[in-house]
Structures are given as C-alpha cells and as structure tokens.
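Residue-level structural notes
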Amino acid sequence: MSGATSARPRAALKSPTARRVIIAAAVVVVLVLLALGTKVVSNNSSIAKGDAGFSPQTYGKTEFPKVQKQIEERAVPAETLAAAIAQDQTAAGKKYGVPGTTGPVMSVSLTGVVSGKAEDGVYPVTVPGVPSKLVIRVQTGPAINGTDLRDATGKITFGQFTNQIDYQNAGSALNQQMKKDVLSGVDTAHLQGKTIDLVGAFTLINPEGWLITPAKLDVK
C-alpha cells in the first residue's frame, strides 16, 4: 500500500495540468522578486536625467575667464607668500588660501627665469627674493593635472553639480580651456632660459615645493 500511495503523487506531478500550475507559480514568484527589486524613477528626477545636461566644453569656455580673473585678483607675490609660509604654514594657508582636500589652495604671482629642462611638461622656475631651498615648478602640458584652477577661488563647490563625475569634469574642463586660452600661445617646448610672468595656483602640501598650474603665463 505504501508503494502505491507514494507513486500517486509522483504520477500526479507528471500530468500536464500539474506542470502548468508549477510553471505559473514559478513565473509569479519571479515577477514578484523583480517588482521588489525595481525602483520607479520619475522622468523629472536627476537619476533619470543623469548628467546629460552638463557640458564640460561649455563649462570651460564660460567659467575659465571668471576663474582666471579671480585667481589674478587673489594672487599674492611669491616673495610675500614664501615668507609667510616659512614663518607659519598654517597661518599662511588660512590667510591667503582656500581650503582644499589635501591642503589650502594658494593663488600666486611671480616673475622668474625658467632654469631647467622640462620633465613631463613641468619646468623649474628660479624666482628672486624667495628662499633658495624653495623649489618652484610650473605645469605647461600637454597633460595638466590636478584641480587647482577649480578650487583656487572657493566659488566652485561640489553642491553646484549633480554628481562627483560632473565635479571632476569641471576641473578638467578648466584645465583644458586654460591650455587653449593661455598655453596655446606659448612655445612650451622651448622655455628654458626664458623669463616669464606667471599667475597661477597650487596646493600647499610641501612648503618647500610648489607645483603651479598657470592661469596666466607670458614670456618676456
């Protein structure tokens, strides 16, 4: 009897009707799971739009002239800035800089002589009136790294952008526009020995080493 009884459920499972019921139930379970894992997004939401509204090219063209002017207005002569940093780095950062992720971002102006060959587009500059142990370098491309131009004024903040990608792209867009507006008119391959007037920004990490991103660069 027990063998006959256990055989009946197995036989029932083989019937077409039973299989259809099982398949239908499985489909229902899958649909429920998909519904639970689906997030409904309004067409007007920032998620639906993504960052399609942000154009780095347009941003660079419209914002770099403003940033350039603001850096020039904030710029402190290198001699003054170097003396203040040597006396009290923290105080100098608070007085002359804008808070940044890894240190205050400083705006600086200088006249100096490009005193060596470029390494990856970065030239050393000798500036009269600053301590001899201070190494000053300037980026001339082709790669312009960092977000010093974006961060130097304190007027461009993460909250103005949809997401971190747009915020990073804004910094890159300013660098690229600076290359077009400033460095395209400079023979950056042959600067050694030349006297330059420079306005730019750098992040104060090492008080004895400044890596300046130019906002203005003129060769005398």
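Reading the values: the criteria
- Per chain, the residues get numbers from 1 upward, laid out in the order the sequence is written.
- Restriction of local features to residues with pLDDT of at least 70 applies here, the model being predicted, together with a cutoff of 80 or more for giving and counting side-chain atom pairs; totals for whole chains, interfaces and linings are based on all residues.
- As a rule here, side-chain values cover all heavy atoms of the structure and leave hydrogens and water aside.
- Numbering of helices and strands starts at the N terminus; helices are DSSP runs of H or I of at least 4 residues and strands are runs of E of at least 2.
- Type-normalised accessible area, obtained with a 1.4 Å probe on protein chains alone, sets the label of each residue: buried when under 20%, exposed when over 50%, and partly exposed for intermediate values.
- As used in this record, nonpolar core signifies buried Ala, Val, Leu, Ile, Met, Phe, Trp, Tyr and Cys residues forming a set joined through side-chain atoms within 4.5 Å.
- In this analysis, two residues are considered to be in contact whenever any of their non-hydrogen atoms come within 4.5 Å of each other.
- The term salt bridge refers to a pairing of a side-chain nitrogen on Lys or Arg with a carboxyl oxygen on Asp or Glu at a separation within 4 Å.

Okay, unusual backbone geometry next. A cis amide bond links glycine 141 to the next residue, proline 142, at an omega of 15 degrees. As for its placement among the helices and strands, proline 142 is situated in the loop between β5 (135-139) and α7 (148-151). With a phi close to 55 degrees, aspartate 120 is a non-glycine residue in the positive phi region. Summarising the element assignment, aspartate 120 is placed in the loop between β3 (105-114) and β4 (122-126). Assessed through its relative accessible area of 77%, aspartate 120 is described here as exposed.

Attention now goes to the nonpolar core. By size, the foremost hydrophobic cluster in this structure holds 50 residues, and its most contacted members are Leu81, Phe202 and Trp210. In contact with tryptophan 210, not counting residues within four places along its chain, are Ala78, Leu81, Ala82, Ile85, Val108, Leu134, Val135, Ile136, Arg137 and Phe202.

This part is about the environment of proline 131. Counting through the fold element by element, proline 131 comes out in the loop between β4 and β5. Classification of proline 131 as partly exposed rests on a relative accessible area of 34%. Considered as a pair, proline 131 and alanine 82 are 49 residues apart in the sequence and their alpha carbons are 7.5 Å apart.

So, on to the pattern of salt bridges. Side-chain pairing between opposite charges can occur once the charged atoms of the two side chains come close. As enumerated under the stated definition, the model contains five salt bridges in all. Ionic pairing is found between glutamate 63 and lysine 66, a salt bridge with its closest N-O pair at 3.2 Å. With glutamate 63 and lysine 66 both in helix α4 (residues 56-74) and three residues apart, the pair spans about one turn of that helix. Here lysine 216 makes a salt bridge to glutamate 72, at a shortest N to O gap of 3.3 Å. One end of the pair, lysine 216, is in strand β7 (residues 209-219); the other, glutamate 72, is in helix α4, with 144 residues separating them in the sequence.

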